[in-house]
Amino acid sequence: MRALGALRALLGEDGVRRVFAVVLTDNGPEFADEAGIATALCERPGETRLFYCDPMRSDQKGACERNHVEIRKLLPKGRGISFDRLAPADCALPTGQVNSEPRGSLAFMCPSRMLPAAYGDDARALLDGLGIEVLDPSELDLTPGCIERARAERGDGPLAG
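What counts, and at which threshold
- Residues numbered from 1 in each chain as written.
- Predicted model: local features only at pLDDT ≥ 70, side-chain atom pairs only at ≥ 80, totals over all residues.
- Heavy atoms only, no water.
- Helix = DSSP H or I, 4+ residues; strand = E, 2+ residues; numbered from the N terminus.
- Expected span 1.5 Å × (residues − 1).
- Bend = angle between axes of the 7 residues up to and from the residue.
- Buried < 20%, exposed > 50% of the residue type's maximum accessible area, 1.4 Å probe, protein only.
- Contact = heavy atoms within 4.5 Å.
- Core = buried A, V, L, I, M, F, W, Y, C linked by side-chain atoms within 4.5 Å.
- Polar contact = N/O pair within 3.5 Å; in protein donor to acceptor, adjacent residues only side chain to side chain.
- Salt bridge = Lys/Arg side-chain N within 4 Å of Asp/Glu carboxyl O.

Draft legend 1. Inspection of helix H1 (residues 2-19) at higher detail. The terminal C-alpha atoms of H1, which comprises 18 residues, lie only 18 Å apart, well short of the 26 Å expected from a rise of 1.5 Å per residue. By the largest-angle criterion, glycine 12 marks the main kink of H1, which is about 105°. Of the positions making up H1, those classed as buried are Leu7, Leu11, Gly15, Val16, Arg17 and Val19. Next to the buried residues of H1 lie helix H2 (34-40) and helix H5 (111-130).

The following block contains the structure:
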């Protein structure tokens, strides 16, 4: 709920309604507060914008599952790195990396360039507010060590351990 509140603070009610017109999610406990999520998404009476996909049906969430696979390559399970230990900059880094990779499904454009093309100022506010950089494909580091290297450059300690 805190994350959704932060998105609402970045975009305002109108921006949230434009960018998050439909939200597809799984049935995890983090999505149990349906009324709270509906409020954060600025749903209006009689409107439904939050949809729960069937269990074990990642195909119902479309292309967002590709990002999950790619992020897990950068943050592999079993390596001692817990998502709850990630700083905002740690989260922004793999998000920028993965979304700056050209995709065949987007005519070889990258998602981080398509988002502003589709949502203009709302997208720029979202990317800037979350600290997500749009990278040139030549700058991509899609390896598990990219977060640790960035943390070392910032002077932060290691995540694992």
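Draft legend 2. Focus on the nonpolar core. The biggest cluster of nonpolar side chains holds seven residues, and these are Leu74, Leu75, Leu86, Val98, Cys146, Ile147 and Leu159. If you look at the next biggest cluster of nonpolar residues, it comprises six residues, including Leu7, Val16, Cys42 and Leu126.

Draft legend 3. How the structure looks around unusual backbone geometry. One non-glycine residue, cysteine 42, lies in the positive phi region at around 65°. Within the fold, cysteine 42 resides in the loop between H2 and strand E2 (50-52). Although it is not a glycine, alanine 107 adopts a positive phi angle of roughly 55°.

Draft legend 4. Local environment of the side chain of arginine 17. On the secondary structure map, arginine 17 appears in helix H1. In this structure the side chain of arginine 17 is engaged in a polar contact, spanning 2.6 Å, whose partner is the backbone oxygen of cysteine 42. In this view, arginine 17 contacts Leu41, Cys42, Glu43, Arg44, Glu47 and Arg49; residues no more than four positions away in its chain are not counted.

Draft legend 5. Highlighting the pattern of salt bridges. Applying the stated criterion across every chain yields a total of ten salt bridges. For arginine 154, the salt bridge identified is with aspartate 90, shortest N-O distance 2.6 Å. Note that arginine 154 is positioned in helix H6 (residues 146-154) and aspartate 90 in helix H4 (residues 88-99), a separation of 64 residues in sequence. When salt bridges with common partners are traced through the structure, they connect Asp90, Arg151, Arg154 and Asp156 into a single cluster.

Draft legend 6. Geometry of the environment of leucine 4. Take leucine 4: it is sitting in helix H1. It is 26 Å that separates the C-alpha atoms of leucine 4 and arginine 151, two residues lying 147 residues apart in sequence. Ignoring anything within four residues of it in the chain, the contact list for leucine 4 reads Ile37 and Ala40.

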